[in-house]
Amino acid sequence: MADHATERSNPTGAAPILVASNRGPVSFTAEDDGSLTLRRGGGGLVSGLSAIDDPSAVWVCAALSEADRTAARRSPDGRLDLGGFEVGGQAVRMLDIDPGTFARAYNGVANSTLWFVHHLLYETPVAPVFDDRFRREWDSYRAYNTAFAEALAAEAAPGAAVLIQDYHLSLAPDQLRQLRPDLRIGHFSHTPWAPPEYYRMLPDDVAADVLTGILGADRAAFLTRRWALAFADCCEAVLGATVDRAALTVTYAGRTTRLGVHALGADADFLRERSHQPDVDARLATLKEAVGPRSTIVRVDRTELSKNIVRGLLAYRHLLRSRPEWLDRVVHIAFAYPSRHDLPEYREYTAAVQRIAQEINDEFGTASWQPLILHVNDDFPRSLAAYRLADVALVNPIRDGMNLVAKEVPVVSDQGCALVLSREAGAYAELADDALTVNPYDVIETADALHRALTMPTAERTERTKRLAAAATALPPQQWFLDQLAALRE
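Residues numbered from 1 in each chain as written. Predicted model: local features only at pLDDT ≥ 70, side-chain atom pairs only at ≥ 80, totals over all residues. Heavy atoms only, no water.

Peer 1: Help me out: how do you make sense of the overall build of the chain in this one?
Peer 2: Within the chain, the regular secondary structure consists of 19 helices and 17 strands. Against the compact-globule benchmark of 23 Å for 490 residues, the chain has a radius of gyration of 23 Å, which places it among compact chains. Taken along the three principal axes of its C-alpha coordinates, the chain extends 65 × 55 × 45 Å. Within the chain, buried positions represent 57% of all 490 residues. Entry remark: accessible area of the chain is about 19200 Å², with carbon and sulfur atoms responsible for 50%. Separation between the mean location of the 51 positive side-chain charges and that of the 65 negative ones in the chain comes to 3 Å. (Helix = DSSP H or I, 4+ residues; strand = E, 2+ residues; numbered from the N terminus. Rg over C-alpha atoms; globule rule 2.2 N^0.38 Å. Buried < 20%, exposed > 50% of the residue type's maximum accessible area, 1.4 Å probe, protein only. Areas by Shrake-Rupley, 256 points an atom, 1.4 Å probe, with all protein chains shown as cover. Lys, Arg positive; Asp, Glu negative; His and termini not counted. Charge placed at Lys NZ, Arg CZ, Asp CG, Glu CD.)

Peer 1: What exactly am I supposed to notice about the nonpolar core here?
Peer 2: One broad rule of soluble globular proteins: the nonpolar side chains tend to lie buried together. Membership of the largest hydrophobic core comes to 174 residues, with the highest contact counts inside it found for W193 and Y199. Excluding anything up to four places from it in sequence, W193 contacts H118, Y199, V210, L211, I214, F222, W227, A230, F231, C234 and R399. (Core = buried A, V, L, I, M, F, W, Y, C linked by side-chain atoms within 4.5 Å. Contact = heavy atoms within 4.5 Å.)

Peer 1: What is the right way to read the sheet that holds strand β6 (residues 156–165) from this model?
Peer 2: Strand pairing in a sheet relies on backbone hydrogen bonds. The paired strands run either parallel or antiparallel. Read across the open sheet, the nine strands follow the order β5-β4-β1-β6-β7-β8-β11-β10-β9; overall the sheet is mixed. The open sheet has two edge strands, β5 (91–95) and β9 (242–244), and neither has a second partner. Across the sheet, the axes of successive neighbouring strands diverge by a mean angle of 20 degrees, strand direction being ignored. Pairing of β6 with strand β7 (residues 184–189), which is carried by five bridges, proceeds in the parallel orientation. Note that in β7 the partner of A161 across the bridge is R184. Contacting β7, β8 (219–222), β10 (249–252) and β11 (255–261), helix α8 (residues 204–215) runs over the sheet at an angle of about 110 degrees to β10. (Pairing = 2+ DSSP bridges. Axes fitted to C-alpha atoms, helices over the stretch in contact; angles between N-to-C directions.)

Peer 1: Which parts of the structure should I look at to understand the side chain of Q175?
Peer 2: If you trace the backbone, Q175 turns up in helix α6 (residues 172–179). Look past the residues within four positions of Q175 in its chain and what remains in contact with it is R142, N145, T146 and A149.

Peer 1: What exactly am I supposed to notice about the state of the cysteines here?
Peer 2: By definition, a disulfide links the sulfur atoms of two cysteines through a covalent bond. Under the counting rule described, the total for this entry stands at zero disulfides. Considering cysteine sulfurs only, C234 is the nearest to C235, which forms no disulfide, with 7.1 Å between them. (Disulfide = S-S within 2.5 Å.)

Peer 1: Which parts of the structure should I look at to understand the sheet that holds strand β16 (residues 418–422)?
Peer 2: Spatial strand order, β14-β13-β12-β15-β16-β17: six strands in an open sheet with parallel pairing. Across the chains shown, the open sheet's two edge strands, defined by having one partner strand only, are β14 (372–375) and β17 (436–438). Mean inter-strand twist for the sheet, computed between neighbouring axes without regard to direction, equals 15 degrees. Looking at chain direction, strand β15 (residues 392–395) and β16 are connected through four bridges and run parallel. Pairing of V395 across the sheet is with L421, part of β16.

Peer 1: Looking at this structure, how should I read the packing of helix α5 (residues 132–155) against α8?
Peer 2: Helix-helix packing is described using two parameters, namely the angle between the two axes and the distance between the axes. At a minimum axis distance of 12 Å, the contact between α5 and α8 shows a crossing angle of 15 degrees. On the basis of the axis angle, α5 is roughly parallel to α8. When the axes of α5 and α8 are compared, the crossing they make is left-handed. On the side of α5, the interface is formed by F134, R135, W138 and R142, while α8 contributes D205, V206, D209 and V210. Of the residues contributing to the contact of α5 with α8, the split by class is four nonpolar, no polar and four charged. (Parallel < 35°, antiparallel > 145°, perpendicular 65-115°, else oblique. Left-handed = near helix turned anticlockwise from the far one by under 90°. Nonpolar A, V, L, I, M, F, W, Y, C, P; charged D, E, K, R; others polar.)

Peer 1: What should I look at first to understand the side chain of R317 in this one?
Peer 2: Tracing the backbone shows R317 in helix α12 (residues 309–322). Polar side-chain contacts of R317 include one of 3.4 Å to the side chain of E359. Setting aside chain neighbours within four positions, we find R317 in contact with E359, I360, E363 and F364. (Polar contact = N/O pair within 3.5 Å; in protein donor to acceptor, adjacent residues only side chain to side chain.)

So, in structure tokens, the structure goes:
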């Protein structure tokens with residue numbers, strides 16, 4: 001199999017299409033005997049890249065673990081497909097970045113700074129603090145981006161199309177432009193974009209560097225028009241760039257970058273087929289036994305600060321306290337899977353979720369009714385089972401680039417579901433007409449929306465679910481990716 005992989009991969013410098021992202025399509029674990037076990041990833045990007053019918057396309061990613069680094073070192077220039085690894089017919093270049101540099105770039109800047117800025121998460125009386133430590137982290141972030149830019153420059157054929165992904169790689173488009181001005185470069189932001197007054201919390205030079213980094217692309221794309229316009233507003237406010245909001249262009253330093261909007265949708269075919277596999281059926285039976293004849297409110301999230309799980313639980317508690325008719329008639333199924341536990345804020349948040357969940361069960365639970373079922377260990381088949389069982393889906397992020405759960409539940413739900421949706425989710429732009437919209441900070445309003453969702457007439461719920469599912473699947477991952485590629489080549 002290794003020989004076959006080598007045969008179908010073009011040598012470096014010949015890739016007509018390239019994708020760059022922090023996380024790649026594969027990861028490795030080390031076994032006791034020193035061997036490496038390969039695991040394929042999922043998600044929209046992996047699905048999207050599979051739409052490219054070109055074995056010469058190259059995916060450049062970072063080694064995220066010591067096992068990943070070992071695999072990269074065992075492969076020529078980190079090219080896993082040339083190093084004896086069967087990576088599904090794709091050419092993958094995995095970068096062995098110094099672990100300290102990676103940690104400072106990934107945790108210090110990408111996840112503790114840029115993510116916090118774009119999701120408006122800072123507790124501003126005490127954070128952020130941009131000191132000497134941050135400057136070391138910023139230097140590492142720049143070096144991390146440079147490693148990607150150099151690898152892309154080495155792999156790309158003349159005039160190749162390069163699609164750079166997300167906030168981890170904000171500087172790479174301009175760095176690559178300097179190395180390879182012949183390339184067609186795109187950048188896609190999977191997060192929201194902060195408004196100028198919040199974005200300018202960043203040090204002035206850093207704020208400018210992130211913007212000029214992305215403006216090195218021929219095209220910068222976003223999940224919603226709202227986020228694209230926020231980026232344009234920041235370019236105007238911070239850089240003094242010329243912005244055409246109707247044409248969605250930003251002109252700065254003699255170059256014009258086009259802005260694009262691609263609202264990533266749910267993969268309906270995959271979800272519907274996967275959600276009826278035996279492992280999902282088994283988990284569905286278990287959940288049904290636990291719920292009994294009661295209605296269900298379902299949420300599935302990572303324990304990510306922006307997902308607003310705590311306020312969702314408080315809203316459910318308010319529902320039970322203020323509307324006693326729901327006692328013993330509803331169960332809240334909350335799956336809150338671990339996220340970024342190397343950051344203390346996330347460990348504390350997960351603990352808060354578990355504490356409030358226990359308080360709800362202690363206050364309202366009876367010998368025959370557990371009002372809240374909380375799981376914090378990741379289990380995709382169980383998530384799909386919960387989707388199928390949902391009468392109500394609760395998606396109430398403080399701020400979210402898109403939120404695919406809001407799109408996935410209506411596609412999978414067996415009996416149709418009512419969607420309670422934060423107006424700060426990117427998905428709101430497409431789903432607002434058929435969702436019950438809430439201010440994510442307003443616990444009482446959210447509780448009232450849960451009540452309206454639970455009491456929605458069956459016929460109305462069915463019709464809303466059909467329209468939600470149609471909107472949610474309008475741009476499935478493969479088409480989402482191909483649309484970006486086509487727009488970049490125009």
